[in-house]
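Examining the three-dimensional arrangement
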4 protein chains.
Amino acid sequence: MKQEYFKQNLQDPKPLTATINRSVRFDELDPLNIMWHGNYASFFEEGRMALGLKYNISYQDFYKNDVVIPLKKFYTYYVLPLEFGKVYTIETKLHWNEAARLDFSYEILFGDILMTSGYSVHLMIGKDKNVLVDKPDFFANFCFRWKAGEIL
Amino acid sequence: MKQEYFKQNLQDPKPLTATINRSVRFDELDPLNIMWHGNYASFFEEGRMALGLKYNISYQDFYKNDVVIPLKKFYTYYVLPLEFGKVYTIETKLHWNEAARLDFSYEILFGDILMTSGYSVHLMIGKDKNVLVDKPDFFANFCFRWKAGEIL
Amino acid sequence: MKQEYFKQNLQDPKPLTATINRSVRFDELDPLNIMWHGNYASFFEEGRMALGLKYNISYQDFYKNDVVIPLKKFYTYYVLPLEFGKVYTIETKLHWNEAARLDFSYEILFGDILMTSGYSVHLMIGKDKNVLVDKPDFFANFCFRWKAGEIL
Amino acid sequence: MKQEYFKQNLQDPKPLTATINRSVRFDELDPLNIMWHGNYASFFEEGRMALGLKYNISYQDFYKNDVVIPLKKFYTYYVLPLEFGKVYTIETKLHWNEAARLDFSYEILFGDILMTSGYSVHLMIGKDKNVLVDKPDFFANFCFRWKAGEIL
């Protein structure tokens, strides 16, 4: 079930990770009494934001640098349904990429049990509405330190 | 069941009205297989926007005049549950008000049957973030013509 | 700003209360970068469920007794907008009512600051789809103990 | 940009298709004033349901035959952002599959312009909560007629 969504090279630094808990709300349920499949986007987003906050590379940090980071690709793999009132763990990873692009993978867990996995790919768009070829300075600096092993 | 949410004086012009149809989507259902109660806000908003478009007094028209129109009050009265796959009619009324304020009432109907009613009250906020005491010019003009019987 | 939505008689027991925290998620924001007005229903519901869990009178407890508790009325009064990334407190009260009906009031607070208030009224529907005139036994027992001062 | 998400063999019947229009609602917008990325699941679902209704193979038709069809995989590829007030076309295809599984692909178009594409894969779950290995009879019959060229 464990899936590797992004290939890493040997010299790449290890993914950055963040963990956050979340339960399913009543309004997220569907008539089958499980979480509606479209609401996983909100779970993954909450995981992604926890990682952004932890490392100061949130969408607001990009925004302060005149860059927005819209999604290009979004994928969800459903293993087991999420149920009302249970608390799940969202584990998010940011994977190394040389390009001006963000590769996130996600796992939703109930204890040790994998409930869902998925990934999202984000591009970077500058003030002129064009896709950036190079990482913006603040994030290039961040990646430099990440590769140097200063960020864990 | 029919409720009058806003009192009118005899000399007030009649409410403006707009009608739009909408069906319930699968993701709007709850575990009881009826529309979740919070989604009525989206139905009412769609009715309000239909009225705004019809009379050129939409939230975008206000926005072009540096005014936003946030909600101050919102009320829903549930008569019968809305079901998946049925097409409902949303009837929206804008009620006359001398003040810089928008009073909308709503009815959701299935054919002749009243399913839901409700209202919303909106204030007007100017560029300086303060609540407007007087209607902005474009809307004062609109109200002048409304009262003169030129807008129906 | 403080509003009393339900009148109490002198001999009525005091409302039951529950408190829960919640922050605004990115997908709950609207283009004005504040929480969309329809999402307050989810905040109030989360408050209501916290109270239900605390006192064992949740919608699931009613359901186990063949009773559903749909909303009849729902009201929101908007004082200040909710913003992304801030943690708000939802204070929920269940008010005494002799009838087979649930009267909840809600306040959303940021520290001491009142951001929103509101209420919801719920009826009780039995297995035969009819509105109950009398409280179901388990809830009548609960109310007996509530009035006797055994539940706080 | 045009992507083929499911490989077809030469002898496979052509995909079934359905088209439905939908506009973006205010509550589906995010702070960047474009549709929030998670709401595409609702667009795709609406397309899928239009196809189900057209061919009598909706999730309700499966349900009547004691089969539910939960998602196993869901993918969205974002080309251009969706904007408020514009009407988009959702083109949905059901692709032939020998197995007890449903392969849908989706395109959201603005006129001729591809805005979004994606796919979803659904399994079939029987009354005993197990994944079906064989198609249920009503759908096997449907597929027989589809392959025979009787369904277009």
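Here's what I pulled together on the structure shown here.

1. Description of the relation of the copies chain D and chain A
Turning chain D through 180° and shifting it by 0.0 Å along the axis lays it on chain A, with an RMSD of 0.0 Å. The transformation relating the two chain copies, once decomposed into turn and shift, fits a two-fold axis. Every residue of chain D has its C-alpha some distance from the rotation axis, and the shortest such distance is that of Tyr75(D), at 2.2 Å. When the interface residues of chain D are mapped onto chain A, 100% of them again lie at the interface, so the same face is used by both copies.

2. Comments concerning the environment of Phe110(A)
Residue and element names in this part refer to chain A. Mapped onto the fold, Phe-110 is located in strand E4 (residues 101-110). The spatial distance from the C-alpha of Phe-110 to the C-alpha of Leu-80 is 9.9 Å, given a sequence separation of 30 residues. What Phe-110 contacts, discounting residues up to four positions off in sequence, is Lys-86, Val-87, Tyr-88 and Met-115.

3. A word on the side chain of Asp30(C)
Structurally, Asp30(C) can be placed in the loop between strand E1 (16-23) and helix H1 (40-55). No salt bridge forms around the buried Asp30(C); measuring N to O, its nearest opposite-charge neighbour Arg48(B) is 8.9 Å away. A polar contact of 2.7 Å, which involves the side chain of Asp30(C), links it to the backbone nitrogen of Leu32(C). With sequence-adjacent residues up to four places away left out, Asp30(C) is seen in contact with Met35(C), Trp36(C), Phe26(D), Leu29(D), Asp30(D) and Pro31(D).

4. Points about the sheet that holds strand E4 (residues 101-110) of chain D
Read from one edge to the other, the open sheet built from ten strands follows the order E1(A)-E3(A)-E4(A)-E5(A)-E2(A)-E2(D)-E5(D)-E4(D)-E3(D)-E1(D), with strand pairing classed as antiparallel. In this open sheet, the two edge strands, each paired with only one partner strand, are strand E1 (16-23) of chain A together with strand E1 (16-23) of chain D. In this sheet, adjacent strand axes meet at a mean angle of 15° when their direction is disregarded. Both strand E2 (residues 71-78) of chain A and strand E2 (residues 71-78) of chain D contribute to a ladder of five bridges, which runs antiparallel. Bridging from a neighbouring strand, Tyr75(A) pairs with Tyr75(D) of E2(D). Taken strand by strand, helix H1 (residues 40-55) of chain A contacts E1, E2, strand E3 (87-95), E4 and strand E5 (113-123) of chain A, and its axis lies near 135° from that of E1(A).

Analysis parameters
Residues numbered from 1 in each chain as written. Chains lettered and ligands numbered in written order. Predicted model: local features only at pLDDT ≥ 70, side-chain atom pairs only at ≥ 80, totals over all residues. Heavy atoms only, no water. Least-squares fit on C-alpha atoms with pLDDT ≥ 70 in both. Contact = heavy atoms within 4.5 Å. Helix = DSSP H or I, 4+ residues; strand = E, 2+ residues; numbered from the N terminus. Buried < 20%, exposed > 50% of the residue type's maximum accessible area, 1.4 Å probe, protein only. Lys, Arg positive; Asp, Glu negative; His and termini not counted. Salt bridge = Lys/Arg side-chain N within 4 Å of Asp/Glu carboxyl O. Polar contact = N/O pair within 3.5 Å; in protein donor to acceptor, adjacent residues only side chain to side chain. Pairing = 2+ DSSP bridges. Axes fitted to C-alpha atoms, helices over the stretch in contact; angles between N-to-C directions.

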